[in-house]
Every structure is written in C-alpha cells, then in structure tokens.
Amino acid sequence: MSNTVLVTGGAGYIGSHAVLALLQNGKNVVVLDNLSNSLRAALDHVENICGKRPVFVEGDIRDSALLDQVFSEHAIEAVFHFAGLKAVGESVREPEKYYDNNVAGTLTLLKTMNQHGVFNFVFSSSATVYGCPSEMPISEETKVERPTNPYGRTKLIIEDMLRDFSDADERWNIALLRYFNPIGAHESGLLGEHPQGIPNNLLPYISQVAIGTLKELKVFGNDHPTPDGTGIRDYIHVVDLVEGHLKALDFICEHKGLHTWNLGTGTGYSVIEIIDSFEQVTGQNIPYSFTERRAGDVAESWSNPAKAKVEMNWVASRTLEDMIRDTWRWQSNYPAGYASTPTPTH
Ligand SMILES: NC(=O)c1ccc[n+]([C@@H]2O[C@H](COP(=O)([O-])OP(=O)(O)OC[C@H]3O[C@@H](n4cnc5c(N)ncnc54)[C@H](O)[C@@H]3O)[C@@H](O)[C@H]2O)c1
C-alpha cells in the first residue's frame, strides 16, 4: 500500500491541522482545495512547523477531470474529505450552493476514487445529523433525525450515500466521524482558524471581541432549558480531533466496512461558562449581551465518546483551558489570521 493521503479542504481550519499531523506521522500528503474559505498561506505555516510541505493542487472537488488527473499522478492510499461549505445560515438562504458543493462534490470524488481503485475514506460528518435529540449524552446509537438546516441535511445525505456505497461494494472502508464543536489551534501558535468575515462560531467570535476586531458578543438566547439559560455544547480541541482521524484511518485499514464514531470530549459547557473561562484563561474582558435564540439551535448537545475509545483507543485529552489558551495564542499572534503580518509573541 502506498503512503499518500489526499486531503480535500486541506488548506482549511481542520484540514490544515490534519495535513500537519499526517506529515508528522510520515505520510505523503496531497491537498486539493479551491481556497473558497481558506488561504494557501496555511500550508506555509504547516511547513514552518514540521519542515515538510504537502503537494498543493488548487481546484474543486466537483471538477472530475482534475480529480482524475490527481489520482493518476499520485498513488493515493486514502482520502480525508474535509472540503465542504459549513455556514448554517448561508445554507438556509442558498441551499442549492450547499447541495451542489457538498453532495454533488462528494459524489464526484467518490466516483473518481472508485475508478482509480481507492476505497479508504474518512468523512467529516457532524453531530448536526442527530437533529434535536431528547436525551443526553448522544451516542452513535442515538437515533439520527432530520437535521434542522440544509447544511446538516447535506451531511446526512452524504452519510446515507456512503452507507449505500459500502453495502453495494465491500471494498469500501469508510469512517463517518461525527464532530461535536471543534475549537482551539495548534500549540505552536502558527496554525489556527481563519474565518472570513464575521465568524459563525462562538470561540472565533469571542477571540475577535477580545482582540478588538468585534465590539461585543451577542449570545443567542438566555431562555434555553439549561441551568443558566444558554446553549450547551461539547467543545473539542482541533488537535485531538485530527488525532481521531489518524486512528480512524488505521482502524478502517484493518477492519473493513463502514464505521461511525462521535468525536467529542463527553463534557458540555454553556456559552456563559465559555465566556467565564475565556476571561479567566486570557485575562481579557468579553462584553456581551443577549439576543433572540437562533432558529434551529438545539438547547444542548454533548457526546458519549465511549465507542471511539473502546474501538480505536482514541480519547480527547486536551482540556477546555488548553483549547482557550491555544485559540488565544493564535489570535494574538495573527489578529487577522493568515492575512496578518506575522508578529508571533509567544
Ligand atoms: N468547524 C466545525 O465546527 C465543523 C463541525 C462539524 C463538521 N465540520 C466539517 O469539517 C469540514 C472542515 O471544516 P473546517 O472548519 O475546517 O472548514 P473550512 O471552511 O476551514 O475548510 C473547508 C475547506 O474546504 C475548501 N472547499 C470548500 N468547498 C470546496 C470544493 N468544492 N472544492 C475544494 N475545496 C473546497 C475550503 O476552501 C476550505 O479550505 C467541513 O466539511 C465541515 O462541514 C466542521
């Protein structure tokens, strides 16, 4: 078997951390990214950390001729598939864009893999496929429900598609990784999240308030049925998350078929708890006010990550303090993400 992994979306937030981890683990990496939500500079930072660089192909997963060329030129063993659009609000306004990019793009990728005899596939799914579960924590046994928005439905459709492919052809080895809430940054302070425009997620938003780019945090709802009324989520360090991908790849190469794992810590924190911890860890003040709940937001969501521990010997080891400290280190080094003039202070 070759030693090369194709990472779609490898210039993005999670993808760039996965590229680093793969290179550090002795893999060759080919990145395919259309840079619709990322900058090539992320890969320069990967090289600064580990002294190695992936092959970079700028292009789109919907371009079957380009995919054909990539698979012809490189002896690819497996695909980590991060490429996708992920903004929930935008998916409500422009569902066609999401079905085209995420669903049609993934189908094009799978068809090309099949043509080239590559069947190891690790997919970035999401806890959003559980819809509004009535019981916490969420295990892989929890019934998958209709996700509350088009973005989530693209994830569920892709999961179903992968299940059908696996049922029809036993050569497919597939990991469905259902992420909870990835946050944090590489501990070097050189690699992190580079949101374009106003961030959609809590931690990038808070850290931009702390750095002074945004004025105040709007907390969506203080009337959820939770102890302090704000939403509860299971935050997971991005480096723990990508370690889960490497374990998943090893696992599917040894245990054929399709496997599903939650990647979370098993602990939920409310928005208020996150703000308090951020203030404590960083010493920064975070002004905030409450606003209406967002349509489709569930009150609470946290994982039971036991299956990943039992089957792949994977656990998330980094604490909330680690996640916040690493986010803040990255944010203070690169206030405008990869577009910043580098001024590392840590
Ligand atoms: N970040 C999260 O909170 C979260 C949670 C659950 C699941 N996910 C999933 O994980 C994956 C990675 O998320 P991320 O946070 O790193 O997002 P990101 O936007 O930083 O990375 C996605 C990358 O894919 C690229 N891309 C998008 N469409 C493409 C296409 N058609 N062809 C080629 N490249 C394309 C973008 O340019 C970007 O670099 C996504 O599939 C996302 O849905 C993310």
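Remember, predicted model here, so these are calculated numbers, not experimental data.

What about the pattern of salt bridges?
Considering all chains together, one arrives at 21 salt bridges under this definition. Where Glu243 meets Arg318, a salt bridge forms, and the shortest distance between an N and an O atom there is 3.4 Å. Placement of Glu243 in helix 8 (residues 238-254) and of Arg318 in the loop between helix 10 (306-312) and helix 11 (320-333) is noted, with a sequence separation of 75 residues between them. Put simply, Arg294 and Asp297 hold a salt bridge, and the shortest N to O gap is 3.0 Å. Beyond isolated ion pairs, a larger network of salt bridges with shared partners links Glu159, Asp160, Arg163 and Arg178.

Digging into the site of the ligand
Around the ligand, a shell composed of 28 residues is seen, among which Asp33, Asn37, Ser38, Lys86 and Tyr151 lie nearest. Within the backbone of Ile14, an N or O atom sits 2.8 Å from an oxygen atom of the ligand. Contact between the ligand and Phe82: an oxygen atom at 2.9 Å from a main-chain N or O atom of the residue. The protein chains hide 96% of the 820 Å² of surface that the ligand would expose on its own. Per-element accounting of the shell around the ligand gives the leading share, three residues, to strand 5 (residues 120-126). When the residues that make up the shell around the ligand are grouped by side-chain class, the tally is 10 nonpolar, 13 polar and five charged.

Remarks on the pairing of strand 8 (residues 217-220)
Burial along strand 8 is one-sided: Leu217 and Val219 are buried, while Lys218 and Phe220, pointing the other way, are not. Inspection of the sheet shows strand 8 paired to strand 13 (residues 288-291) by four bridges, in the parallel sense. Each bridged residue has a counterpart across the sheet, and for Val219 the counterpart in strand 13 is Phe290.

Regarding the pairing of strand 1 (residues 4-8)
On a regular strand, one side chain projects to one face of the sheet and the next to the other, so that they alternate. In terms of residue burial, strand 1 counts as a mostly covered element, since five of its five residues are buried. Across five bridges, the pairing between strand 1 and strand 2 (residues 28-33) is parallel. What sits directly across from Leu6, in strand 2, is Val30. Each parallel crossover has a hand, and the one from strand 1 via helix 1 (residues 13-24) to strand 2 is right-handed. Here strand 1 runs beside strand 4 (residues 76-81); their pairing, made up of five bridges, is parallel. Across the sheet, residue Leu6 finds its bridge partner in strand 4, namely Val79.

Points about the sheet that holds strand 3 (residues 55-58)
Taken together, the seven strands give an open sheet; going across it, the order is 3-2-1-4-5-6-11, and neighbouring strands pair in parallel fashion. Of all strands in the sheet, those bounded by a partner on one side alone are strand 3 and strand 11 (257-263). Within the sheet, the average angular offset between the axes of one strand and its neighbour, ignoring direction, is 15 degrees. Against the sheet, helix 8 makes contact with strand 1, strand 4, strand 5, strand 6 (173-179) and strand 11, and its axis sits at roughly 155 degrees relative to strand 6, the strand it touches most.

Cut-offs applied
Residues numbered from 1 in each chain as written. Predicted model: local features only at pLDDT ≥ 70, side-chain atom pairs only at ≥ 80, totals over all residues. Heavy atoms only, no water. Salt bridge = Lys/Arg side-chain N within 4 Å of Asp/Glu carboxyl O. Helix = DSSP H or I, 4+ residues; strand = E, 2+ residues; numbered from the N terminus. Near = heavy atom within 4 Å. Polar contact = N/O pair within 3.5 Å; in protein donor to acceptor, adjacent residues only side chain to side chain. Areas by Shrake-Rupley, 256 points an atom, 1.4 Å probe, with all protein chains shown as cover. Nonpolar A, V, L, I, M, F, W, Y, C, P; charged D, E, K, R; others polar. Buried < 20%, exposed > 50% of the residue type's maximum accessible area, 1.4 Å probe, protein only. Pairing = 2+ DSSP bridges. Right-handed = clockwise from strand over helix to strand, strands pointing away. Axes fitted to C-alpha atoms, helices over the stretch in contact; angles between N-to-C directions. Contact = heavy atoms within 4.5 Å.

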